[in-house]
Amino acid sequence: MSKTKFYSLFSALYLLFIALSIGLILASAFSASVVFRGASLAEGLEITLFQSGILMTQIFVKVNFLLNILALLILIYELIALQTTRQKFTPLLGFINAILILLFTLYYTPYIIEAQTIGETAIETLEFNQMHQQSELVFKTLLVTLILLFFARFFGILNSVCKGK
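The structure displayed is predicted, hence computed values, not measured ones.

Caption draft 1: Structural context of the packing of aromatic side chains. According to the stated counting rule, one finds 13 aromatic pairs in the structure shown. With a centroid separation of 4.0 Å and an interplanar angle of 15 degrees, the aromatic rings of Tyr-14 and Tyr-77 are classed as stacked. Of the two residues, Tyr-14 sits in helix 1 (residues 3-36) while Tyr-77 sits in helix 3 (residues 49-84), which places them 63 residues apart along the sequence. Residue class for Tyr-14 comes out buried when judged on its relative accessible area of 0%. Relative to Tyr-108, the ring of Tyr-107 lies with its centre 4.9 Å away and its plane at 75 degrees, an arrangement referred to as edge-to-face. Taking relative accessible area as the criterion, Tyr-107 reaches 44% and is therefore assigned partly exposed.

Caption draft 2: The arrangement of a nonpolar patch on the surface in detail. Among the surface-exposed residues, Ile-147, Phe-151, Phe-154, Phe-155 and Leu-158 lie close enough to one another that they form a single nonpolar patch of about 440 Å² accessible area. Relative to the elements of secondary structure, Phe-155 occurs in helix 6 (residues 126-162). The exposure class of Phe-155 is partly exposed, given its relative accessible area of 47%.

Caption draft 3: Representation of the nonpolar core. Counting residues in each nonpolar core, the largest one holds 33 residues, and the members touching the most others are Ile-18, Ile-74 and Leu-146. Counting only elements with at least two residues in this core, the list comes to helix 1, helix 3, helix 4 (89-118) and helix 6. Top element by residues in this core is helix 3. It accounts for ten residues. For Leu-146, the contacting residues outside a window of four places in its chain are Ile-18, Ser-21, Ile-22, Ile-25, Leu-70, Ile-74 and Asn-97.

Caption draft 4: Local environment of the packing of helix 3 against helix 4. Across the interface, helix 3 lies against helix 4 with an axial gap of 8 Å and an inter-helix angle of 155 degrees. Put simply, helix 3 runs roughly antiparallel to helix 4. Considering only the axes of helix 3 and helix 4, their crossing is left-handed. Across the contact of helix 3 with helix 4, the residue classes tally to 20 nonpolar, ten polar and one charged.

Caption draft 5: Region of the structure containing the pattern of salt bridges. One pass over the structure, following the stated rule, counts one salt bridge. Across the pair Glu-78 and Arg-153 runs a salt bridge whose closest N-O atoms are separated by 2.5 Å. Remark: Arg-153 occurs in helix 6 and Glu-78 occurs in helix 3; sequence separation between them is 75 residues. The class of Glu-78 is buried, set by a relative accessible area of 0%.

Caption draft 6: Structural view of the side chain of Thr-90. Counting through the fold element by element, Thr-90 comes out in helix 4. Among the residues examined, Thr-90 registers a relative accessible area of 10% and is labelled buried.

Definitions and cut-offs
- Residues numbered from 1 in each chain as written.
- Predicted model: local features only at pLDDT ≥ 70, side-chain atom pairs only at ≥ 80, totals over all residues.
- Heavy atoms only, no water.
- Phe/Tyr/Trp six-rings, centres within 6.5 Å; stacked < 30°, edge-to-face > 60°.
- Helix = DSSP H or I, 4+ residues; strand = E, 2+ residues; numbered from the N terminus.
- Buried < 20%, exposed > 50% of the residue type's maximum accessible area, 1.4 Å probe, protein only.
- Patch = residues over 30% accessible without salt bridge, like charges linked within 9 Å, V, L, I, M, F, W, Y side chains within 5 Å.
- Areas by Shrake-Rupley, 256 points an atom, 1.4 Å probe, with all protein chains shown as cover.
- Salt bridge = Lys/Arg side-chain N within 4 Å of Asp/Glu carboxyl O.
- Core = buried A, V, L, I, M, F, W, Y, C linked by side-chain atoms within 4.5 Å.
- Contact = heavy atoms within 4.5 Å.
- Axes fitted to C-alpha atoms, helices over the stretch in contact; angles between N-to-C directions.
- Parallel < 35°, antiparallel > 145°, perpendicular 65-115°, else oblique.
- Left-handed = near helix turned anticlockwise from the far one by under 90°.
- Nonpolar A, V, L, I, M, F, W, Y, C, P; charged D, E, K, R; others polar.

Fair warning: the whole summary comes from geometry, so function is off the table for now.
This is the structure:
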């Protein structure tokens, strides 16, 4: 396989993983409102806020698996792009995404899981509330920066195809 074909295939896979991750983040955000309002939505369902949080955390644990794969792909793709092109902004945007992913998956999620393991009293603290709010901010920022990265890379690839590169 030639370098050009490999790069084209890798670029397509890269865009696919970014798009899948954007979809998973959106699905997680939409499911949160359902999970946390479950008792009011389903008659006879007795579920506490703490139990809803445990369910939501399990969703994030599964999403984190794909996000960590994406972080690795971002680092590989953007390092190659940084070395082979004159682009600076888009690789920097990629690195920001990788940092946000790793912050969410390796810092905030484990903290929340640990607090849930301790019990309900641990999630009622000011410290937990602040960490949870920070994790939400990181997740929202990740969504925006992933969308920006997707379009930057998509239009960059489209532009290079139109120029015949």
